[in-house]
Amino acid sequence: MPDYKTRRDFLQHSTAAGVALGLAGTASGAAAMKHFICVTCGMQYAATEKEPEGCPICLDERQYVGHGGQRWTTLNEYRKTHKNIFTEEEPDLHSILPQPKAGIGQRAFVVRTKEGNVLFDCVPPLDEATVGAVKQLGGLAAIAVSHPHYFTTMVEWSHAFGKVPVHIHKNDAKWVMRPDDVVKFWDGDSKSLFGGLTLVKTGGHFDGFQVLHWPAGAAGKGVLLSGDQPYVCQDRKWVSFMWSYPNLIPLGPAAIRQVVRSLKPFAFDRLYGAFPDQVVKTDAKAAVERSADRYLKRIGG
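Let me sum up the structure you'll find in this document. The structure displayed is predicted, hence computed values, not measured ones.

## With respect to the layout of surface pockets
The calculated volume of the largest pocket comes to roughly 320 Å³. If you trace the largest pocket, you find 22 residues lining it, with Thr40, Gln63, Tyr64, Lys101 and Ile104 closest to the centre.

Shown next, in the form of structure tokens:
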């Protein structure tokens, strides 16, 4: 298996590199091209005639190649086998969870504001029923994804809702495996959206890891949508921090302090994690801070 150190290496190795760089609409034989999706992580790739030779996301030490080897699927195949389940988590916040599990198994969130809705994080399956359900909630004005493990089919989601912008921190640009003009890279420590929403770059698990702060959530006490950093523990009064969750590689002291420092300016009483039932229902900001203190003491940092 080739060792792809960068996305550029991966695309240059592909026989369809020109298509992958955005020429799919004009290439001869484009009808035969497919946007393959990695079964293990759910990442969708630029269109190629043949399955990619490997998934750089899964070859990275924070993820893993499926135990049965590298496998690929497509959005059309997902439509035959999966459906997305919507749950109202609280007023103006709905989660979207594929059944059965797709990719890593995370859920996405629709945050509703008077100025438009945001999809935070993404799930691989997308079908007409899902598009219809989101439109009933008011559609989407923007998409933001916490980190590369959840990029999945974010370009498909954008196109389904009028090519709304997909906000990704520039530090994670190299992990975008399906380039498209809808992907908008931002720089700095935070980015204001609309409806009071703010993206916060925490770093840590990935250099450009971002969370979404929703001040109107939790009846005005504030909500943090954290993806998997901070990660909600089984004892949901606590959170944790990891470089790799499946491979159990811890995050170092400096990175943990940076995560906590980046969240200092933001008030939030509730925190939603990436997976079902991962909710710190109250006192969430204090939970993050005391969890970081506990973690640092245990690793001697």
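Picking up after the structure, the text goes on.
## So, the packing of helix 8 (residues 253-263) against helix 9 (residues 284-298)
Look at helix 8 against helix 9: their axes get within 10 Å of each other, and the N-to-C directions meet at 165 degrees. Compared by their axis directions, helix 8 and helix 9 come out roughly antiparallel. Considering the relative orientation of helix 8 and helix 9, their crossing is left-handed. For the pair helix 8 and helix 9, the contacting residues are Pro253, Ile256, Arg257, Val260 and Leu263 in the first and Lys285, Val288, Glu289, Ala292, Tyr295 and Leu296 in the second. Of the residues assigned to the contact of helix 8 with helix 9, the class counts are 8 nonpolar, no polar and 3 charged.

## Observations regarding the sheet that holds strand 12 (residues 210-214)
Across the sheet, 6 strands lie side by side as 10-11-12-13-18-19; this open sheet has mixed pairing. In this open sheet, the two edge strands, each paired with only one partner strand, are strand 10 (190-192) and strand 19 (279-280). Direction of pairing for strand 12 relative to strand 13 (residues 223-225): antiparallel, over a ladder of 3 bridges. Of the residues in strand 13, the one forming a bridge with leucine 212 is leucine 225. Against the sheet, helix 8 engages strand 11 (198-201), strand 12 and strand 13, with an angle of about 155 degrees to strand 11.

## Structural notes on the state of the cysteines
Inspection of the entire model under this criterion finds 0 disulfides. No disulfide involves cysteine 58; its sulfur sits 3.6 Å from the nearest other cysteine sulfur, which is in cysteine 38.

## A closer look at helix 5 (residues 128-136)
When helix 5 is considered as a whole, its buried residues turn out to be Thr130, Val131, Ala133 and Val134. Each buried residue of helix 5 sits inside an arc of 165 degrees when the element is viewed along its axis, so together they form one side. Seen from the buried face of helix 5, the exposed residues on the opposite side, beyond 90 degrees, are Glu128, Ala129, Lys135 and Gln136. Structurally, helix 5 contributes buried residues whose contacts are with strand 3 (83-90), strand 4 (93-99) and helix 6 (154-160). A positive phi of about 115 degrees marks glycine 138, the residue just after helix 5.

## With respect to empty space enclosed by the protein
Taken as a whole, this structure holds 1 cavity of 30 Å³ or more when the rule is applied. Taken as a whole, the largest cavity holds about 50 Å³ of empty space. Lining the largest cavity are Met43, Gln44, Phe151, Thr152, Thr153, Met154, Val155, Val176, Met177 and Arg178. For the lining of the largest cavity, the class distribution of residues is 6 nonpolar, 3 polar and 1 charged.

## Some details on the pairing of strand 6 (residues 116-120)
When you tally the buried positions in strand 6, you get 5 out of 5 residues, the bulk of the element. Side chains Gly116, Val118 and Phe120 of strand 6 all project onto a buried face; the interleaved residues Asn117 and Leu119 project onto the opposite face, where all are buried too. Across 5 bridges, strand 5 (residues 108-113) lies against strand 6 in antiparallel orientation. In the sheet register, threonine 113 faces strand 6, and the bridge partner there is glycine 116. Following the chain from strand 6 across helix 5 to the adjacent parallel strand 7 (residues 142-144), one finds a crossover that is right-handed.

Rules behind the numbers
- Residues numbered from 1 in each chain as written.
- Predicted model: local features only at pLDDT ≥ 70, side-chain atom pairs only at ≥ 80, totals over all residues.
- Heavy atoms only, no water.
- 1 Å grid on protein atoms, 1.4 Å probe; cavity = no way out; pocket = protein on both sides within 12 Å on 5 of 7 lines; lining within 4 Å.
- Points joined across faces, edges and corners; volume = space filled by probe spheres on them.
- Axes fitted to C-alpha atoms, helices over the stretch in contact; angles between N-to-C directions.
- Helix = DSSP H or I, 4+ residues; strand = E, 2+ residues; numbered from the N terminus.
- Parallel < 35°, antiparallel > 145°, perpendicular 65-115°, else oblique.
- Left-handed = near helix turned anticlockwise from the far one by under 90°.
- Contact = heavy atoms within 4.5 Å.
- Nonpolar A, V, L, I, M, F, W, Y, C, P; charged D, E, K, R; others polar.
- Pairing = 2+ DSSP bridges.
- Disulfide = S-S within 2.5 Å.
- Buried < 20%, exposed > 50% of the residue type's maximum accessible area, 1.4 Å probe, protein only.
- Arc of directions from axis to C-beta.
- Right-handed = clockwise from strand over helix to strand, strands pointing away.

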